[in-house]
Amino acid sequence: MIASRAKPLGMKPSPRIGIRLHGGLDPHRSVEFARAAEANGFSSVWFAENPMERGVMAAVAACAVATNRIELGIGVWNPYLRHPAQIAMEIGALDELSGGRASLGLGSGLAAPIRRLGIDNSRPLAAMRDAFAIVRGLLAGRAVTYKGAVFSVEDARLSYTPRRPDLPLLMAARGPQALALSGRIADGLMISNMCPPGFAAHAAGVARPGRLVQYAPCIVSADGDAARSAIKPVLAGMLKTFWALGQKVPAAKASLVDHSGIPQADFAAAAASPETGIDRRFIDAFSIAGTPEECRTRIETYAEAGVTDLVLTFIGADPLADMERLARFSLAPKA
């Protein structure tokens, strides 16, 4: 089991550790991961949903039935793909099924793949304001009339009484305007992969979130060099995607470069030639990889940045063994 441990006065507590599942996994495999996470004492399972992958409802509902205590987070649903009224309908039912263990992250990113579906998603911040207002009102059990810039409802009310009118609503954000909006309308902030701890500290300073959930890929091994070598191809693929996005979206480039301590020229070189360009600096900035003790050290870096929940995608050859290894050794109290 993951154990908490006392921290010296003035130091921030260690983050709660969760696991990230996604649409690349068969729902049966997701259940296997969720059961293992609960058995090993992890605090949460988060389900990432991207356009044209498996929708998360089948997996998260199956995991709700297969587990008893672990938090089940959606991270994230996009109102451009689900109308906010449908979001409220589904998250309320999931919270009921799970016995009050659901949390919900909302985000309006992934603009390009959504535009390919013929959807006008040109007003992402307005979409977030509308979605939060509608979802909150419906989960509170009220009849909601709301005229928004993107989404509207008229005298809409859920036909059932939601289990929790205060179900936690988090917002995925990266740019300065989105971070500021998150601080005004959300219960917490979600930060994606490929954002270093320095960006988390910056984002926390802007949004002042009650909760900060951060995603990161993870490989844990008795051989730290082997773990770092194994994670490099994964980072190469992620860096290629995020660096290309950064050429179009200034906030995406800033989240990579400005808070990592790595020069912009080195990012360009690593994106062009990942085999030689991705070195220890990139591995430490954008992943949790190494021996259990090395992973514990990296986790504490996120704690100091203000991350309350570090949610890991276990991508090694045996992710279930990696989860157990992290739980047994990396997060146990130090003697």
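Keep in mind that what you see is a predicted model, and the values were worked out from it rather than measured. (Residues numbered from 1 in each chain as written. Predicted model: local features only at pLDDT ≥ 70, side-chain atom pairs only at ≥ 80, totals over all residues. Heavy atoms only, no water.)

### Topic: the overall build of the chain
Note the cut-off: In this description a helix means any DSSP run of H or I spanning at least four residues, a strand means any run of E spanning at least two, and both kinds are numbered starting from the N terminus. Taken over C-alpha atoms, the radius of gyration is set against a globule rule of 2.2 Å times the number of residues to the power 0.38. For every residue, the accessible area obtained with a 1.4 Å probe (protein chains only) is divided by the maximum for its type, and the residue is called buried under 20%, exposed over 50%, and partly exposed between those limits. Note on definitions: a residue-residue contact is assigned when non-hydrogen atoms from the two residues lie within 4.5 Å. The accessible surface values rely on the Shrake-Rupley method and a 1.4 Å probe; as for residues, cover is taken only from the protein chains in view. Charge assignment: positive for Lys and Arg, negative for Asp and Glu; neither His nor the chain ends contribute. One atom stands in for each charge, and that atom is NZ of Lys, CZ of Arg, CG of Asp or CD of Glu.
Scanning the chain from terminus to terminus reveals 14 helices and 11 strands. In summary, the chain has a C-alpha radius of gyration of 19 Å against a globular reference of 20 Å for 335 residues, a match within 12%. A principal-axis box enclosing the C-alpha atoms of the chain has dimensions of 60 × 45 × 40 Å. Sorting the 335 residues of the chain into buried and exposed places 52% on the buried side. A fraction of 71% describes how many contacts in the chain between residues 6 or more apart in sequence connect residues 24 or more apart. Carbon and sulfur atoms make up 54% of the accessible area of the chain, which amounts to about 14400 Å² in all. Averaged over its 37 positive side-chain charges, the chain has a centre that lies 4 Å from the centre of its 30 negative ones.

### Re unusual backbone geometry
If a residue is not glycine, its phi is most likely negative; likewise, a peptide bond is most likely trans. Here the amide bond leading from Gly75 into Val76 is cis, since omega sits at 10°, within 30 degrees of zero. Examined against the element boundaries, Val76 turns out to sit in strand E3 (residues 71-77). Phi is positive for Leu110, close to 55°, though the residue is something other than glycine. We classify Leu110 as partly exposed; its relative accessible area is 43%. Positive phi, normally seen in glycine, also occurs at Met194, with a value near 60°. Within the fold, Met194 resides in the loop between strand E8 (188-191) and helix H7 (197-207).

### A short note on the nonpolar core
Note the threshold: The definition of a nonpolar core used throughout is a set of buried Ala, Val, Leu, Ile, Met, Phe, Trp, Tyr and Cys residues joined through side-chain atoms within 4.5 Å.
Phe42 and Leu104 are the most contacted members of the largest nonpolar core, which has 76 residues in total. Counting residues per element, this core draws most heavily on helix H5 (residues 124-139), at eight residues. In this structure, Leu104 is in contact with Ile74, Trp77, Ile87, Ile91, Val135, Leu167, Pro168, Leu169 and Leu170, ignoring residues within four places of it in sequence. In this structure, Phe242, Ile278, Ile283 and Ala289 belong to the second largest nonpolar core, which totals 21 residues.

### A word on helix H1 (residues 27-39)
For clarity, the cut-off: Helix span, expected: 1.5 Å multiplied by one less than the number of residues in the helix. We call two N or O atoms a polar contact when they sit within 3.5 Å, provided that within protein one can donate a hydrogen and the other can accept it, with sequence-adjacent residues counted only if both atoms are side-chain atoms.
Over its 13 residues, H1 extends 18 Å from the first C-alpha to the last, a length consistent with the 18 Å expected when each residue adds 1.5 Å. Buried within H1 are the following residues: Ser30, Val31, Phe33, Ala34, Ala36, Ala37 and Glu38. Measuring from the backbone nitrogen of His28 back to the side-chain oxygen at the start of H1 gives 2.6 Å, which picks out Asp26 as the cap. Gly41 sits one or two positions beyond H1 and adopts a positive phi of about 85°.

### Some thoughts on a nonpolar patch on the surface
Our working rule: Two distance rules govern patches: like charges are joined within 9 Å, and nonpolar side chains (Val, Leu, Ile, Met, Phe, Trp, Tyr) within 5 Å, applied only to residues with over 30% relative accessible area and no salt bridge. Put simply, a salt bridge is a Lys or Arg side-chain nitrogen that is within 4 Å of an Asp or Glu carboxyl oxygen.
There is a patch of nonpolar side chains on the surface, built from Met52, Leu81 and Leu117 and spanning about 320 Å² of accessible area. You can see Met52 is positioned in the loop between strand E2 (44-48) and helix H2 (57-66).

### Comments concerning the packing of aromatic side chains
Where we set the bar: Between the rings of Phe, Tyr and Trp (Trp by its six-membered ring), a pair exists once the centres lie within 6.5 Å; its type follows the angle of the planes, with under 30 degrees stacked, over 60 edge-to-face, and the other angles tilted.
Tallied over the entire structure, the rule returns five aromatic pairs. Ring geometry for Trp243 versus Phe267: centroids 5.7 Å apart, planes at 10°, classification stacked. Of this pair, Trp243 sits in helix H8 (residues 224-246) while Phe267 sits in helix H10 (residues 264-272); the two residues are 24 residues apart in sequence, bridging distant segments of the chain. The two residues Trp243 and Phe267 agree in class, both being buried. Ring centres of Phe267 and Phe282 lie 5.1 Å apart, and the angle between their planes is 75°; on these two criteria the pair is classed as edge-to-face. In this pair, Phe267 is assigned in helix H10 and Phe282 in helix H12 (residues 280-286), connecting sequence segments 15 residues apart. In this structure an aromatic cluster arises from ring pairing among Trp243, Phe267, Phe282 and Phe286.

### Examining empty space enclosed by the protein
To keep it simple, the criterion reads: In this analysis the probe radius is 1.4 Å and the grid spacing 1 Å, with only protein atoms considered; a cavity is a set of points the probe fits into but cannot get out of, a pocket is an open set with protein on both sides within 12 Å along at least five of seven lines, and lining residues have an atom within 4 Å of a point. Grid points are joined across faces, edges and corners, and a volume is the space filled by probe spheres set on the points. Only Asp, Glu, Lys and Arg are considered charged in this grouping, and only Ala, Val, Leu, Ile, Met, Phe, Trp, Tyr, Cys and Pro are considered nonpolar; every other residue, Gly among them, is considered polar.
Considering all chains together, one arrives at one cavity of 30 Å³ or more under this definition. Here the largest cavity defines a volume of roughly 60 Å³. Taken together, Leu21, His22, Gly23, Leu25, Pro27, Ser30, Phe47, Arg54, Gly55, Val56, Ala58 and Ala59 make up the lining of the largest cavity. Considered class by class, the residues forming the lining of the largest cavity number seven nonpolar, four polar and one charged.

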